[in-house]
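What the coordinates show
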Amino acid sequence: MTTDERVVDAAGIRSTFRRLTPERHPILARCTRDVVYDEGRCMAPGGLVLVDAVGRYLNLRPGQSVLDLGCGRGQSSTFLAARYDVAVTSVDLWIPADERRSAASAAGLAHRITPWQGDIRRGLPPGTPPFDAIVCVQAFHTFGTSMALVRYLATLLKPGGALCFAQGCFSDECAAIPEPFCDSDGWQADYARYHSAPWWRAHVEASGVFAVEAGAEFEDGDVMWEDDVLYRGDRAGWSADYLSRAGWLIQHIRYGQTHRPRLTHLLLKAIRRAPGAGTSGALDIPGVQP
Ligand SMILES: C[S@@+](CC[C@H](N)C(=O)[O-])C[C@H]1O[C@@H](n2cnc3c(N)ncnc32)[C@H](O)[C@@H]1O
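Quick caveat, the model's predicted, so the values are computed rather than measured.

**Quick look at the pairing of strand 1 (residues 65-69)**
- Summarising burial for strand 1: five of the five residues are buried, a large majority.
- Burial of strand 1 is two-sided: the residues Ser65, Leu67 and Leu69 facing one way and the residues Val66 and Asp68 facing the other way are all buried.
- In terms of strand pairing, strand 1 meets strand 2 (residues 87-92) through five bridges, oriented parallel. Within the sheet, the bridge partner assigned to Asp68 lies in strand 2 and is Ser90.
- Of the crossover connections in this fold, the one passing from strand 1 over helix 5 (residues 75-84) to the parallel strand 2 is right-handed.

Now the structure itself:
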């Protein structure tokens, strides 16, 4: 790509991609975009827009306990602890607990956040007290689609406790990754694990241990992808390096502007049914799907 083509392309993106607005996403009226996107450290689109929506859906109350699953660098844990005065157990596989402990201390929230590094598919340490809610932002699909895991998560909740997750997905269910989405950097794209919102809803409902209260495409779920490109592009000064690294994603987003499926996001909330519903909730590690 020549410099001129790059300039045209950057200009084209900036004039056609849409931004999330404070009118529809109230956190954008309270926080700068750098705060919302954790200065670009978010590992996926959405940042605090998704976390704030999950918090509002859960209607969290002071003193409640929350498991923040796949929390990445812990922005969601810090936000929920500060905004709702809840006690958060922050769990992630890749990001060391010490990094999240430091972030919690820096925010004056060390007493409210318990970081733990580990694989949820192997279970939490025995004796972990049950939670009022499980939150999962941009991570649920990475755990695989094992029904045993969904049932295990129910056992981590108090009766009546809620599971709420929000993440990227396709607008429509596809038997295989659609051809236009096959070209990616192979690392950031998790498309092989993507499903549609109705698929996730049916999956959690089929566990027998949750009653799904909400499970649909997130408002502006497609715009969230465009806003992410705009934010990261602005930060990178629309450099050749950024356009080259994000090129595959930009093409996928553009495809979805006129075709289906398109990239979007979903939000799902489910309530743990009374104990005894479904199966035991024992984690069957060999059966967990990658
Ligand atoms: C796409 S990142 C999202 C991180 C963060 N929630 C965000 O929005 O920036 C997915 C996160 O899920 C975590 N993860 C993946 N598999 C996991 C597992 N089996 N158990 C716990 N965390 C896992 C990864 O370590 C990673 O930080």
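After that view of the structure, there is still more to cover.
**Things to note about the packing of aromatic side chains**
- Inspection of the entire model under this criterion finds 13 aromatic pairs.
- Between Phe170 and Tyr191, the aromatic rings sit 5.5 Å apart at their centres with planes inclined by 40 degrees, giving tilted as the arrangement. Note that Phe170 is positioned in strand 5 (residues 157-170) and Tyr191 in the loop between strand 5 and helix 8 (197-206), a separation of 21 residues in sequence.
- A residue is classified by how much of its surface remains accessible, and Phe170, at 3% relative accessible area, is buried.
- The buried category is assigned to Tyr191, whose relative accessible area is 5%.

**Here we look at the site of the ligand**
- Close contacts around the ligand come from 17 residues, with Gly70, Asp92, Asp119, Ile120 and Val137 the closest.
- A distance of 3.0 Å separates an oxygen atom of the ligand from a polar atom in the backbone of Trp94.
- Ile120 has a polar backbone atom sitting 3.0 Å from a nitrogen atom of the ligand.
- For the ligand, whose free accessible area comes to 590 Å², the fraction covered by protein is 93%.
- Classifying every residue of the shell around the ligand by side-chain character gives nine nonpolar, five polar and three charged.

**Section: the sheet that holds strand 7 (residues 263-272)**
- With respect to topology, seven strands assemble into an open sheet ordered 3-2-1-4-5-7-6, the strand pairing being mixed. Each edge of the open sheet carries a strand with a single partner, namely strand 3 (113-117) and strand 6 (210-217). Shown here is a sheet whose adjacent strand axes are inclined to one another by a mean of 15 degrees, direction ignored.
- Here strand 4 (residues 131-137) pairs with strand 5 via six bridges, running parallel. Along strand 5, the bridge assignment pairs Cys136 with Phe165.
- Contacts between helix 5 and the sheet are confined to strand 1, strand 2, strand 3 and strand 4, with strand 2 contributing the most and set at about 175 degrees to the helix.

**Observations concerning helix 4 (residues 48-58)**
- Across the eleven residues of helix 4, nine count as buried, placing the element largely inside the fold.
- Here helix 4 has its buried residues at Leu48, Val49, Leu50, Val51, Asp52, Ala53, Val54, Gly55 and Leu58.
- One or two steps after helix 4, the chain reaches Asn59, where phi turns positive at roughly 50 degrees.

**A word on the state of the cysteines**
- For the coordinates displayed, the defined rule picks out zero disulfides.
- With no disulfide of its own, Cys42 lies 12 Å from the sulfur of Cys31, the closest cysteine sulfur.
- Taking relative accessible area as the criterion, Cys42 reaches 11% and is therefore assigned buried.
- As a non-bridged cysteine, Cys169 has Cys174 as the owner of its nearest cysteine sulfur, 10 Å distant.
- Judged by relative accessible area, Cys169 falls into the buried class, the value being 0%.

**As for the confidence of the model for the chain**
- Residue-level pLDDT values for the chain average 93, and 92% of them are 70 or greater.
- Counting contacts from residues 284-290, a segment whose pLDDT is below 50, to residues more than four positions away or on other chains yields 15 contacts.

**Concerning the pattern of salt bridges**
- Going through the model one piece at a time under the given rule, you end up with 25 salt bridges.
- Ionic pairing is found between Arg121 and Asp119, a salt bridge with its closest N-O pair at 3.2 Å.
- Ionic contacts of the salt-bridge type, sharing partners, join the residues Arg18, Glu217, Asp222, Glu226 and Arg262 into one network.

**So, the packing of helix 4 against helix 5**
- Direction vectors running N to C along helix 4 and helix 5 enclose 45 degrees, while the axes themselves pass 10 Å from each other. Between helix 4 and helix 5, the crossing angle belongs to the class labelled oblique. The chirality of how helix 4 crosses helix 5 is right-handed. Mapping the contact onto sequence places Leu48, Val51, Asp52, Gly55 and Arg56 in helix 4 and Gln75, Ser76, Phe79, Leu80, Arg83 and Tyr84 in helix 5.
- A per-class count over the contact of helix 4 with helix 5 returns five nonpolar, three polar and three charged.

**Notes on the side chain of Gln64**
- Its place among the elements puts Gln64 in the loop between helix 4 and strand 1.
- Exposure remark for Gln64: the relative accessible area of 13% places this residue in the buried category.
- A polar side-chain atom of Gln64 sits 2.9 Å from the main-chain amide nitrogen of Arg61.
- Beyond its immediate stretch of four places on either side in the chain, Gln64 contacts Asn59, Val86, Ala87 and Asp132.

Rules used in this analysis
Residues numbered from 1 in each chain as written. Predicted model: local features only at pLDDT ≥ 70, side-chain atom pairs only at ≥ 80, totals over all residues. Heavy atoms only, no water. Buried < 20%, exposed > 50% of the residue type's maximum accessible area, 1.4 Å probe, protein only. Helix = DSSP H or I, 4+ residues; strand = E, 2+ residues; numbered from the N terminus. Pairing = 2+ DSSP bridges. Right-handed = clockwise from strand over helix to strand, strands pointing away. Phe/Tyr/Trp six-rings, centres within 6.5 Å; stacked < 30°, edge-to-face > 60°. Near = heavy atom within 4 Å. Polar contact = N/O pair within 3.5 Å; in protein donor to acceptor, adjacent residues only side chain to side chain. Areas by Shrake-Rupley, 256 points an atom, 1.4 Å probe, with all protein chains shown as cover. Nonpolar A, V, L, I, M, F, W, Y, C, P; charged D, E, K, R; others polar. Axes fitted to C-alpha atoms, helices over the stretch in contact; angles between N-to-C directions. Contact = heavy atoms within 4.5 Å. Disulfide = S-S within 2.5 Å. pLDDT = per-residue confidence, 0-100. Salt bridge = Lys/Arg side-chain N within 4 Å of Asp/Glu carboxyl O. Parallel < 35°, antiparallel > 145°, perpendicular 65-115°, else oblique. Left-handed = near helix turned anticlockwise from the far one by under 90°.

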